[in-house]
Amino acid sequence: MTNTMVAVRGRKVALIEEGRGEPLVYLHGFADVHGVAGDFQPFHLRLGTAARVIAPAHPGCAQSDELGDGYGIDDVIFHYLEVFDALGLTSFDLVGHCVGGWIAAEVAVRYPERVRRLALIGACGLFVPGAPIGDVFMHSQPERGVQLTTLRRLLFAHESAPAGLRFFASARGDVEEEMRRYQMLRFGSFVGFKPPYFYNRVLRGRLYRAVMPAAVIWGAMDRMVPCAHGDAYVAGLPAAKDLTLIAGAGHAAPLEQADATANALIEFLGTTGGAGKRVSNG
Amino acid sequence: MTKPVQLYCWHFMSYPYLPADFDERYDTGWVTVPNRLWDAERSRGLYQEYIDQLAYADEIGFDGMVLNEHHQNIYGLMPSPNLIAAALSQRTRRGKIVILGNLLPLHLNPLRMAEEYAMLDNMSDGRLIAGFAPGSGPETFNYDVPSAPSREQFWEAVDLIHRAWTEDGPFAWEGRHYPLRYVNPWPRPTQQPHPPVWIPSSRSTETLVNIAKRGYCYFLSSRSHGSETAKSQAQFAKVLEDQGDRFDPFRMGILMSAHVGESDAQAQDEAKEGVWYFLKNCLKGHLRREGRMLTAGPGIPYIPPSEFRSYLKFSDPSAPLLGDAEDWSDLQRAQSIIVGGPDTVYRRIMDIVEHAKCGHLLIQFHMGNMPDALVRKSMTLFAQEVAPRLREHSAKLFGRHFPEMERSAEMAQ
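Fair warning: this is a prediction, and the values are worked out from it, not measured in the lab.

A.B. asks: Help me understand the overall build of chain B in this model?
C.D. replies: Per the secondary structure count, chain B includes 14 helices and 11 strands. Taken against the 2.2 N^0.38 rule, which gives 22 Å for 413 residues, the C-alpha radius of gyration of chain B at 21 Å falls within 12% of a compact globule. Taken along its principal axes, the extent of the C-alpha atoms in chain B is 60 × 50 × 50 Å. Residue burial in chain B is summarised as follows: out of 413 residues, 49% are buried.

Shown next, in the form of C-alpha cells:
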C-alpha cells in the first residue's frame, strides 16, 4: 500500500494505491477510506488483489486541498478529469461508493469512452420519489454532546455494528479521525446539501449514455441511500443486470461486509473481461 | 456627557403553551418539534400580547425594541420579524426598531430585503437598525441552506443591499449568487446614507474583519458573559485597529436576559417557572446537551477545518451548556439570565459592562411562558430602578475609557 500526493492545478490530492494490473479508480464514500479511515481497510486490500486500486481523497478530504469557496458537483467532475490526466489514466475501471458513486456516475455519463467498467456501491446521485436519502448532517450532530447512535443506525445495518462502533464511537475520539469526518461532511455540504440533497435530478435521464459494463451493489439494509436507488441505477444503466445485495450490510457495505462486497466486485471484473485472469480467489 | 449604554428590550416570542411533560416526551424544541403541539385556540391574541409588551417598552423609556428571525421552533415565533417591525412602526414613536436580523441566505433575493428594510425605515421615520445574519445550524436544516457555501453567499447579499441603499440606481450587480441586471429600489431608506447595520457573530476573526471593514456594529451572539465577552471585545477592538479604525462601545452589542423583582428572593420565586420553561424547553436543540443540539457542530460544517481542529482541542463535549443549568447558582456562573432585586440586577449588569465595554445592551424580559403581568412588572422595575443607574454609571465609565468620545460629545454641544 502506498500513500502519495499528486498536484493538479496547484492543489494537492492525496492518493492511496494498492495492487497491480489494470487501473481501477475508487471514489470513496463517507464511512470509508478518506471519509473516516486514514488507510485502506480489508475491503480495499482485497480489491487490490484483483486490480491496481487507486483511491484519491475528494477535495477537502483527508490531506487533499479544498477546491475553494462555493464549488459544486460540476467542479468536482472537472477536478477529477484533471486527476485522471495527471495520473495518465485514459481508460480505467471506475468504482464509487456513496457520494463517490454519484461522482462516478456523473463521470460515466459524460465521458463513457474513458470508463471501461463502472461499479456503484450504495451510490447516491439519483432522485427517487418516495425514497429520500438520509440526513447525514443532522445525524452527525451528536445527541447528549457525544452520542452517535442514530448516525450509526443510518450508515450501518444496526447501531452496534462493529465497524460503526470503530469509526463512529459515542465518545470524543481520535482527533485525526474526527477531522476526517468533519472534512468529509464539509465536502458533502458543498456538493450535496442544497436541494437537490445528494442527487442531480437530471442524472437519471442521462444514464443511457453509460453503456460500459456496469455493476450495482447495495447493502441490503441501506437506510442512507435506500435500495430503490440501486434499482433505479440498474434500470437506467444499459449494461447493468441485477442489483447485487450484500446481506448483513447497511450503507457502509465495504466496511461491514468487506469480503462479500469485494468478492461481488471481483466477480464482476472477472466476468466482464480484461482483469479476469488476475482475480485471486484466495 | 458621554453617551450612556443604550438599553433595548428583546422579545423572542416563544411558544408558551407546551405540555408540562414536554421535556420528557420530546427530544428537541427545534426543526422537528411536532407542530401538532400548536394550540390554535389558546394562541389567539398571543402575538398581540407580545407586540403590546414591546410597545410598552417604548412607552417606559427603553431605547429600542429587538426582533429576530427563527423558523420551525418553539423558541422564537418570528419567521418574519419584518411583519412585527411593521406593526411596531405604527404602535411606537420613539425607540429604535432593531431586527437582528434577516437571515439573508434563506431568502430568494437580497433585493427584497433591501426593499423591505427601506420600507420599514420610512414607516418608522428612520428608526430602523438593520441586522443581517447568515443563520445558524437549525436554519440550515429548516431551509436546506448548505452551511459552508452560505457564508460567501451571505456577504455578497450584504454588499448588494449596502450598495442598493447607497448608490444611485439603476445599476447591474454582477454577483456570483445574485446576479441582477437592474438594481434600483424604491423607496430609499430615510436614514442616510443607510440605516445602521448590525451583524451577529461569535468570535470568528474572519467575520469580525468583515464587520469592521464595512463600518458595521458587532453583535456578540452569545447568551453567556464570562471572561469570553471581554475577550471578544478585545478581539474586535484589535481587528478595528488593524483596519485603521477605533473601538467605541457603540460598535458592539450583547444579549442578556433579566428578571427584576422587588427583592432577590421574590424575583427568583416569580421568575422560576418562566426561566426553567425557557431553559429546558426552548433551549432544547439549541443550547442544551440533552437531546440533539442543532446549533453548531460537525453536521453544520461552515467553519474551515483549521478552526474545527482548535474547536476539538479546546471544547469539552460533556461540558454543560446554558440550558443544562440545574439551579440559580449554575445560572449565575453562566452570567446569562440575571434574576434579582434592582440592586442585584444593576450590579451584575454593570459588572458585565465594566468588563465588556459594550454600549448596546439587548435585554430579554419575556422568558418561556412568563405571564404578561409579570413581564411588565419586571420591565417597569428595570426602567425605574435599574436603567437610571446603568445610564449614569456607564456614561462615566465610557467617558473615562474613551476620552475621545467625551471630546467629540463636547464639540457637538
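A.B. asks: What should I look at first to understand the environment of B:A373 in this one?
C.D. replies: Residues and elements named next belong to chain B. Mapped onto the secondary structure, A373 falls in helix 13 (residues 372–401). Owing to 8 C-beta atoms within 10 Å, A373 belongs among the exposed residues under this scheme. Residues A373 and Q53, 320 residues apart in the sequence, show an inter-C-alpha distance of 9.7 Å.

A.B. asks: What is the right way to read the pairing of strand 3 (residues 23–27) of chain A from this model?
C.D. replies: On a regular strand, one side chain projects to one face of the sheet and the next to the other, so that they alternate. All names here are of chain A. Taking burial as the measure, the 5 residues of strand 3 include 5 buried ones, the bulk of the element. Side chains of strand 3 alternate between two faces, with P23, V25 and L27 and L24 and Y26 buried alike. Pairing geometry for strand 3 and strand 4 (residues 52–56), over 3 bridges, is parallel. Each residue of the ladder has a partner; that of L24, found in strand 4, is V53. Once the chain exits strand 3 it traverses helix 1 (residues 42–47) before rejoining the sheet at strand 4, and the crossover so formed is right-handed. Summarising the sheet, strand 3 and strand 5 (residues 92–97) pair through 4 bridges and their orientation is parallel.

A.B. asks: What exactly am I supposed to notice about the nonpolar core here?
C.D. replies: Nonpolar side chains in soluble globular proteins tend to end up buried together. Counting residues in hydrophobic clusters, the biggest one holds 104 residues, and the most contacted among them are B:Y8, B:C9, B:M65 and B:I363. In terms of nonpolar packing, the next biggest core, distinct from the first, is built from 101 residues, A:C61, A:L118, A:M224 and A:I246 among them.

Cut-offs used in this document
Residues numbered from 1 in each chain as written. Chains lettered and ligands numbered in written order. Predicted model: local features only at pLDDT ≥ 70, side-chain atom pairs only at ≥ 80, totals over all residues. Helix = DSSP H or I, 4+ residues; strand = E, 2+ residues; numbered from the N terminus. Rg over C-alpha atoms; globule rule 2.2 N^0.38 Å. Buried ≥ 20, exposed ≤ 12 C-beta atoms within 10 Å, placed from the backbone. Pairing = 2+ DSSP bridges. Right-handed = clockwise from strand over helix to strand, strands pointing away. Core = buried A, V, L, I, M, F, W, Y, C linked by C-beta atoms within 7 Å.

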